[in-house]
Structures are given as structure tokens and as C-alpha cells.
Amino acid sequence: MLKGIDISHHNFRSMKDKNEINKFDFVIIKATEGSTYRDPKCEEWSKIVKSPTLKGYYHFARPDNKNSAKAEANNFLSVILKYIDGETILALDVEAGALSVKNLDDWCLEWCKHVRSATGITPMIYCSESECKRFKKCADFGCGLWVAKWSILKPKNIAPWHFFAIWQRSDNQIVSGVRCDYNFFNGNSDQYLRYCRN
């Protein structure tokens, strides 16, 4: 398994050495949220991450704010298109208020279709283990699973997926000097790259 972290502007306050992030195999950076918000540190983080560290970007979904999937996808695309390089994972983070939305799978599928149409990359879906069952249409579309389970035990109840791509194992921990969420990719770097090139 590859070891990685996901980060946003919240991580800067406690980070002593920004170059510490290049000690990980991969780093997934928050790019956007909702239909208008852009993470103010996305560009700075992007410049810090250097090869061979692999990259990814995620969007925090806010359909609970009555935003259309297309509007949120366009916000995400407006930030990340310049970073697409054949080695970049894309993901839709679905948690918190978004989980209260009816027909959430349909909304997420529309978002993923719009992003794939523009980038050629099928995004992953990030959700907790207990919410996986809500995303059958996204799983059938080919979205990989980035599953949150803050435990030493691997996620098992992940249907309709047969396996997870990324496991977020811990939340808000200090890892190599960085306060971050700690993740494992379920494979090697070649397998990681398959999620970056559809």
C-alpha cells in the first residue's frame, strides 16, 4: 500500500516544514467547496508537492445548499484543470450536510459525469464506510472508492464496491510533522496512475 495524506488550508497553522509532505507517496489537496469557494492554499500546496510524490484534488460537495451538480463541478474544474498531468486523482468528498440530500447518488453521478467529460478522469467518491451503500450509480459508473474508517481495521462493508481504492485511516493526526488526515492507497504507484488516466 502507498501512504498518503489529504490536506486543506486548515493544515498550515500547525505545519513546521511544508516540504515534509514530499515524504509521502501521495498528497490529495482540497481545491474547492460548493459552487463558489476555492481553497486559498490549493495553489501553494500544489507548488510544494514534487515528483515522485503523486497528487490528487478533491471537491467538498454542498448539494444541501441547493447548488446544482454542474455548478459545483464547474467551480472544481476552474481550479484543477491546469494541474491535470496524467498523474492526478480527482475526488468528490461527500459528507456532513450533503448526506441529508435526497437522490444524492444522482447528484453525485451528474457531478462525476461533468468532471469526466472535461478531464477524461473518472473521479473517486469519498464517503464513510456506513454511507457507501448510497452510491450504487456512481460505483456502476466506474468511480473508485475513497472510504473513511478511522480504525486499525480495514473497511469491509463497502458494497456496492468490491474493493476500496483509498482508505482514510485517521483524522486530524500529526504525521511526519503535518497535521492531516492519513490515508492508504490500496495498491502500488502503477495502480494509482490508472485512476488518473481513463
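Residues numbered from 1 in each chain as written. Predicted model: local features only at pLDDT ≥ 70, side-chain atom pairs only at ≥ 80, totals over all residues. Heavy atoms only, no water.

## So, the packing of helix H2 (residues 69-80) against helix H3 (residues 104-119)
The contact between H2 and H3 brings their axes to 9 Å, and the two run at 35°. Helix-helix and strand crossings are classified by hand; for H2 and H3 the assignment is right-handed. Facing H2, whose interface residues are Ala69, Lys70, Glu72, Ala73, Asn74, Phe76, Leu77 and Ile80, H3 presents Trp107, Glu110, Trp111, His114, Val115, Ala118 and Thr119. (Axes fitted to C-alpha atoms, helices over the stretch in contact; angles between N-to-C directions. Helix = DSSP H or I, 4+ residues; strand = E, 2+ residues; numbered from the N terminus. Left-handed = near helix turned anticlockwise from the far one by under 90°. Contact = heavy atoms within 4.5 Å.)

## Focus on H3
Helix length check: H3 (16 residues) gives 22 Å between terminal C-alpha atoms against 22 Å at 1.5 Å per residue, within 8%. Restricting attention to buried positions, one finds in H3 the residues Leu104, Asp105, Trp107, Cys108, Leu109, Trp111, Cys112, Val115 and Thr119. Positive backbone phi, approximately 80°, marks glycine 120, located one or two places after H3. (Expected span 1.5 Å × (residues − 1). Buried < 20%, exposed > 50% of the residue type's maximum accessible area, 1.4 Å probe, protein only.)

## Looking at unusual backbone geometry
In this structure, proline 52 follows serine 51 across a cis peptide bond, with omega equal to 15°. Tracing the chain through its elements places proline 52 in the loop between helix H1 (42-48) and strand E4 (54-60). Residue proline 160 is reached from alanine 159 by a cis peptide bond, and omega for that bond is 15°. Topologically, proline 160 is positioned in the loop between strand E7 (145-148) and strand E8 (166-175). Even without being a glycine, alanine 96 presents a positive backbone phi close to 50°. Relative to the helices and strands, alanine 96 is located in the loop between strand E5 (88-93) and H3. The backbone phi angle of asparagine 103 is positive, close to 55°, even though this residue is not glycine. When you line up the elements, asparagine 103 lands in the loop between E5 and H3.

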